[in-house]
Amino acid sequence: MERHCFVHQGEYSMDPVVTRFPPSPTGYLHIGGARTALFNWLFARHHHGKFILRIEDTDVARSTDASIKAILDAMEWLGLYWDDGPYFQTKRLPFYQDYLQRLLDSGKAYYCNCTPESLERRRQAALAAGKKPKYDGLCRDRGLGPGPDRVVRFRCPDVGTTVLNDLIKGPIFFDNAELDDLVLQRSDGMPTYNFAVVVDDITMNVTHVIRGDDHVNNTPRQILIYQALGTPLPQFGHVPMILGEDRTRMSKRHGATSVMAYKDMGFLPEAMVNYLVRLGWSYGDQEIFHLEELVEKFSLEHVGKSAGVFNQEKLLWINAHHIKERSPESLVPLLEPFLMERGYPRKPAAYLSKAIRTLQARARTLVEMADSMRFYMVENMEYDSDAAKKFLVPTLRAPFQRLMESMERLENFDEASLENVFSEVVAGLGMKLGKLAQPVRVALTGGTVSPGLFEIMDVLGKQTVLKRLGRALEYLNAV
RNA sequence: GUCCCCAUCGUCUAGCCCGGUCCAGGACACCGGCCUUUCACGCCGGCAACACCGGUUCAAAUCCGGUUGGGGACGCCA
């Protein structure tokens, strides 16, 4: 209810804004993570602050180098460059040990030798008894020291209330009695997530923790650790989740969840950013945004509180928009991988640009564009059989011959001249342009759907056009 | 089971904090039409929502309470 007052807390401080994105390298960068990264990046940029990339690799068993690379690649593809890092938690072990010792020394943490099996049994029992499956505090006061197979737990206060003044959701109250003595350090010596984040955010001077909704319940535990350590709290902002069509947490069965999968499907990074930012954030009625503009306009107070459904239709529309908006030249390098993939012969960039220009309004993705580019690229494209049967008929012999004769004489093979040629032929034969256009289209592209005839011919050039017309003439003579 | 969050068109959302200007605005999708050498693009128009119940008030999408529904979290994962 007092949202604005919370939102402004950070702005009154003299501290420069520091945000971070802390993925765990156990897979690719997914849609939700990308949006979190984007929000953090935008917030930092907007406030002229710093954006840190931190790899949370304390789960040694599941972390992989391939994942790290995949995540970094995706961040770069989106244009979310970091100012600092990437840091790796596994290389910061002394920090965690230092802070852990402080907690141990002050009695805020203790050793525990409960086995995972025993813990699991007790959890199940609690659940069966209708109670919350939290740690029962067995080792709390046993005064255990370090030893093999022992973890360190946080001594969580069992009375009182912890308040999270969330930048997005407002104040949230938690009964400390609901929380339990979470593990800070595993038996292998690695810090756990909840402890490592706190230590890292403290030592990296993070001022704003912007992350997914699913972390709300971790926050009171982290706040308690900050308090036990006697360090000031950062500001927290919890962004709502992204759901699939069925309104459950987005997963692979809802379609692609990897950011790079969208790159492969022919989406532009700016379209991805544009779509992602609008999923949960708004600026009045505006739909189209560019990165630079977002830096200026982004703020947490316009981030909504409710979860949103990922909608690929809208992404397609936004992608189509950005494709139209880009210069053809800038699209060339992005499209090239897709052209290679299709095994098309190489063409000069200038040729590709001209072809792209005719397709920009017709393609929603680079995949669609590469597909419809075929007739521009392949020497002898095949005729669509239905189209050929319907349009390449013997009555076109005279019109085609006349066209070719007139074109042969053309000095400037450009759209305007071509249009004149067509008008003359059509007028001379007393037919409608429409009657001639489709057969020519089939002759030139193999199909009935394509950019405007004159632009196509302009791109293809005199030689190719005459060749294809000639080939069509042979075809309809043979029918 | 316990705790936490959320609730405006099918979807993303504006509006809600500071009640009247909202018989609720924009966008995607969908349906018509226009443009037109095909397909698109573009333009014009249409369909479609304040979850429910109660309270406060002259007045509630907006404030309060409850119900229902949905989501999330309860790990030596992050």
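I will try to describe carefully the structure that is included in this document. (Residues numbered from 1 in each chain as written. Chains lettered and ligands numbered in written order. Predicted model: local features only at pLDDT ≥ 70, side-chain atom pairs only at ≥ 80, totals over all residues. Heavy atoms only, no water.)

### Describing unusual backbone geometry
The omega angle of the peptide bond from Gly85 to Pro86 is 5 degrees, so this bond is cis rather than trans. As for its placement among the helices and strands, Pro86 is situated in strand S3 (residues 84-88). For Asp149, which is not glycine, the phi dihedral falls at a positive 60 degrees. With respect to the helices, strands and loops of the structure, Asp149 is situated in the loop between helix H5 (116-128) and strand S5 (151-154). (Helix = DSSP H or I, 4+ residues; strand = E, 2+ residues; numbered from the N terminus.)

### Some words on the packing of helix H2 (residues 31-46) against helix H9 (residues 269-278)
As a packed pair, H2 and H9 sit with axes 10 Å apart at the nearest point and diverge in direction by 85 degrees. The pairing of H2 with H9 is recorded here as roughly perpendicular in orientation. Note on element contacts: H9 touches H2 through Met272, Val273, Leu276 and Val277, opposite Ile31, Ala34, Arg35, Leu38, Phe39 and Leu42. For the contact of H2 with H9, the per-class residue count stands at nine nonpolar, no polar and one charged. (Axes fitted to C-alpha atoms, helices over the stretch in contact; angles between N-to-C directions. Parallel < 35°, antiparallel > 145°, perpendicular 65-115°, else oblique. Contact = heavy atoms within 4.5 Å. Nonpolar A, V, L, I, M, F, W, Y, C, P; charged D, E, K, R; others polar.)

### Overview of the nonpolar core
Within the largest apolar cluster, 110 residues are counted, with the highest numbers of intra-cluster contacts made by Met75, Phe310, Met373, Tyr376, Phe400, Met407 and Met457. Of the residues forming this core, the biggest block, nine residues, is contributed by H2. Contact partners of Met457, with chain neighbours within four places excluded, come to Met407, Phe413, Leu418, Phe422, Leu444 and Val465. In terms of nonpolar packing, the next biggest core, distinct from the first, is built from 42 residues, Val18, Ile52, Leu182 and Tyr226 among them. (Core = buried A, V, L, I, M, F, W, Y, C linked by side-chain atoms within 4.5 Å. Buried < 20%, exposed > 50% of the residue type's maximum accessible area, 1.4 Å probe, protein only.)

### Section: the pairing of strand S7 (residues 170-175)
Pairing of strand S6 (residues 161-166) with S7 involves six bridges; the strand directions are antiparallel. Of the residues in S7, the one forming a bridge with Thr161 is Asp175. Counting the residues in the hairpin turn of S6 and S7 gives three residues. (Pairing = 2+ DSSP bridges.)

### Some remarks on helix H17 (residues 397-408)
Along an α-helix, a turn takes 3.6 residues, which lines up residues three or four apart on a common side. Counted at 1.5 Å a residue, the expected span for H17 with its twelve residues is 16 Å, and the 16 Å between its end C-alpha atoms agrees. Looking at H17, one finds that the buried residues are Pro399, Phe400, Leu403, Met404, Ser406 and Met407. Down the axis of H17, the sector holding all buried residues measures 165 degrees, keeping them to one side. Buried residues in H17 make contact with helix H18 (415-429), helix H19 (433-445), helix H20 (453-460) and helix H21 (462-478). (Expected span 1.5 Å × (residues − 1). Arc of directions from axis to C-beta.)

### Quick word on the protein's contact with RNA strand B
Around RNA strand B sit 63 residues in total, of which Thr58, Arg186, Arg362, Arg441 and Ser450 are the nearest. Considering RNA strand B, the proportion of its atoms within 4 Å of the protein that are sugar or phosphate atoms stands at 67%. Contacts to RNA strand B include Lys314, whose backbone N or O atom sits 3.3 Å from a sugar or linking oxygen. Between RNA strand B and Leu453, the relevant distance is 3.5 Å, taken from a base nitrogen to a main-chain nitrogen or oxygen of the residue. Looking at the surface near RNA strand B, the elements that each hand over two or more residues are H5, S5, S7, strand S12 (308-309), helix H11 (312-325), H19 and H20. (Near = heavy atom within 4 Å. Polar contact = N/O pair within 3.5 Å; in protein donor to acceptor, adjacent residues only side chain to side chain.)

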